[in-house]
Amino acid sequence: KRLEKLLNTPARIYYKYEGVSPAGSHKANTAVPQVWYNAQQGVKNVVTETGAGQWGSSLAFACALFGLNCEVWQVRTSYDQKPYRKLMMETWGAKVHPSPSGLTKSGQRVLEKDPSSPGSLGIAISEAVEIAAANADTKYCLGSVLNHVLLHQTVIGEECIKQLEAFGETPDVIIGCTGGGSNFAGLVFPFIREKLSGKIDPVIRAVEPEACPSLTKGVYAYDYGDTAGMTPLMKMHTLGHDFVPDPIHAGGLRYHGMSPLVSHVYELGFMEVTSMPQTECFEGAIKFARSEGLIAAPEPAHAIAATIREALHCRDTGESKVIVMAMCGHGHFDLTSYEKYLQGSLVDLSFSEDKMQASLASIPRPVLL
Ligand SMILES: *Cc1c(COP(=O)(O)O)cnc(C)c1O
């Protein structure tokens with residue numbers, strides 16, 4: 001209500017807030033079942049990567065619940081920018097390494113080429129997978145992209161459908177940010193089911209960063225999920241597994257690919273995509289904090305900025321659309337990026353077409369599907 005008033009829009013804005021989980025984002029929705037299944041199988045150790053730190057902390061939290069050991073490779077930029085995420089993981093009992101690290105062959109190869117590499121999710125995945133592949137008692141867990149992760153996250157959309165029904169509302173536009181696609185799919189896939197059965201007809205819109213636009217600029221091809229090429233090939237929208245995005249603050253959106261399911265749904269034409277520069281996202285997040293009171297993580301700041309664009313469009317046209325947004329996590333550990341924005345030193349980072357072309361050259365089957 002207070003954001004609607006601030007924007008002077010006739011649109012009605014709803015957001016589904018996942019920041020109340022112990023680790024502060026939607027990631028616990030899949031961390032808890034994944035660790036539970038591992039515990040049922042008698043697995044003792046799980047390893048993973050983390051970008052912004054939300055996935056690593058959710059997995060560390062879940063491991064604390066079920067008594068498993070947890071080891072996390074955290075992308076270098078976020079390891080440096082967000083020391084409290086690391087401390088959170090350590091508080092829950094996890095071991096944390098900056099990635100690229102000297103502990104794995106994949107990390108060593110990157111460090112040889114570039115000792116000051118900012119890291120990427122693709123590199124960190126290679127490191128964790130390498131450790132899991134070499135140790136029979138250790139399993140790898142992924143926090144996004146894969147089908148089972150998206151399935152676990154649909155609890156968000158299933159709840160939201162019931163909540164909107166309770167309000168007597170029907171969504172016209174549903175918006176979420178996409179890194180690997182899990183919070184977005186978690187919210188929108190149940191609504192797409194309702195749409196396909198003819199009950200509702202909302203516009204479904206993903207928002208990605210301009211600096212890492214896998215859906216808007218990438219190709220649809222078989223590619224690896226990690227930099228070293230250790231994962232199975234996945235049919236997805238990708239910037240190439242070698243692509244290292246500029247270090248934007250939304251670390252969770254710095255992934256070269258998009259989940260195969262979201263890529264498929266995009267190809268079928270069930271959704272649209274837009275990309276946003278990070279300054280507009282922070283401007284939106286500040287408006288949101290000052291009206292609604294919640295401080296968003298830089299990732300959902302993309303969804304907030306796109307929601308504000310839509311609400312302002314409604315102001316201009318006089319349409320009273322119902323906008324539903326995925327507010328997938330809080331930004332309590334991202335305050336250095338807010339500090340930069342408030343000081344005026346946060347800038348938009350570029351996307352280099354040349355860098356993408358160089359990276360696409362190493363896709364195993366560079367076939368545009
Ligand atoms: C991990 C994360 C993302 C990006 O991952 P998706 O799988 O695209 O959801 C976005 N926002 C938050 C708060 C996250 O923790």
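Residues numbered from 1 in each chain as written. Predicted model: local features only at pLDDT ≥ 70, side-chain atom pairs only at ≥ 80, totals over all residues. Heavy atoms only, no water.

1. A short note on the overall build of the chain
Our working rule: Only runs of H or I of at least four residues qualify as helices and only runs of E of at least two qualify as strands under DSSP, and these elements are numbered from the N terminus. Every radius of gyration here is taken over C-alpha atoms, with the globule rule written as 2.2 Å times N^0.38, N being the number of residues. Think of it in three bands: with a 1.4 Å probe and only protein chains considered, a residue is buried below 20% of the maximum accessible area for its type, exposed above 50%, and partly exposed in between. Contacts between residues were defined by any pair of non-hydrogen atoms, one from each residue, lying within 4.5 Å.
Looking only at helices and strands, the chain features 15 helices and 11 strands. Taken over C-alpha atoms, the radius of gyration comes to 20 Å for the chain, in line with the 21 Å a tight globule of 369 residues would show. Along the first, second and third principal axes, the C-alpha atoms of the chain reach 60 × 45 × 45 Å. Out of the 369 residues in the chain, the part that is buried amounts to 58%. A separation threshold of at least 6 residues defines the contact pool for the chain, and within that pool the share at least 24 residues apart is 76%.

2. A short note on the packing of helix α9 (residues 155–167) against helix α10 (residues 182–196)
Stated precisely, the cut-off is as follows: A fitted line through C-alpha atoms serves as each axis, taken over the contacting stretch for helices, and the angle formed by two N-to-C directions is quoted from 0 to 180°. In these notes the angle categories are as follows: under 35 degrees is roughly parallel, over 145 is roughly antiparallel, 65 to 115 is roughly perpendicular, and the rest is oblique. Helix crossings are classified by the rotation of the near helix relative to the far one: an anticlockwise turn of less than a right angle makes the crossing left-handed, while a clockwise turn makes it right-handed.
Orientation of α9 relative to α10, taken along the N-to-C sense of each, is 55°, at an axis distance of 7 Å. The angle between the axes of α9 and α10 places the two elements in the oblique class. As α9 packs across α10, the resulting crossing turns out to be right-handed. Mapping the contact onto sequence places I156, G157, E158, C160, I161 and L164 in α9 and N183, G186, L187, P190, F191, R193 and E194 in α10.

3. Describing the sheet that holds strand β5 (residues 138–140)
Quick note on the threshold: Only when DSSP finds a minimum of two bridges between them are two strands counted as paired.
The sheet built from 4 strands is open, its strands ordered β4-β3-β2-β5 with parallel pairing. Strand pairing shows two members of the sheet lacking a second neighbour, β4 (95–99) and β5, which therefore form its edges. Strand-to-strand twist of the sheet, defined as the mean angle between neighbouring strand axes without regard to direction, takes the value 25°. Bridge count for strand β2 (residues 45–50) against strand β3 (residues 69–75) is 6 bridges, and the pairing is parallel. Its bridge partner lying in β3, T50 is registered against Q74.

4. Quick word on the domain arrangement of the chain
Stated formally: Where each domain begins and ends follows an automated or database-derived domain assignment. Summed over both partners, buried area is the accessible surface (1.4 Å probe) that two parts give up on being assembled. One speaks of a salt bridge when a side-chain nitrogen belonging to Lys or Arg is within 4 Å of a carboxyl oxygen belonging to Asp or Glu.
Split into domains, the chain comes out as domain 1 (2–22 + 148–360) and domain 2 (28–143). Using only C-alpha atoms to locate each centre, domain 1 and domain 2 end up separated by 24 Å. Facing 29 residues of domain 1, the contacting portion of domain 2 comprises 31 residues. Summed over both partners, the interface of domain 1 with domain 2 buries about 2,300 Å², with 60% contributed by carbon and sulfur atoms. Linking domain 1 with domain 2 are 1 salt bridge. With its nearest N and O atoms 2.7 Å apart, the salt bridge here joins D334 to K82. Among the secondary structure elements, those contributing two or more residues to the side of domain 1 that touches domain 2 are α8 (147–153) and α9. Counting residues per element, the side of domain 1 that touches domain 2 draws most heavily on α8, which supplies 4 residues.

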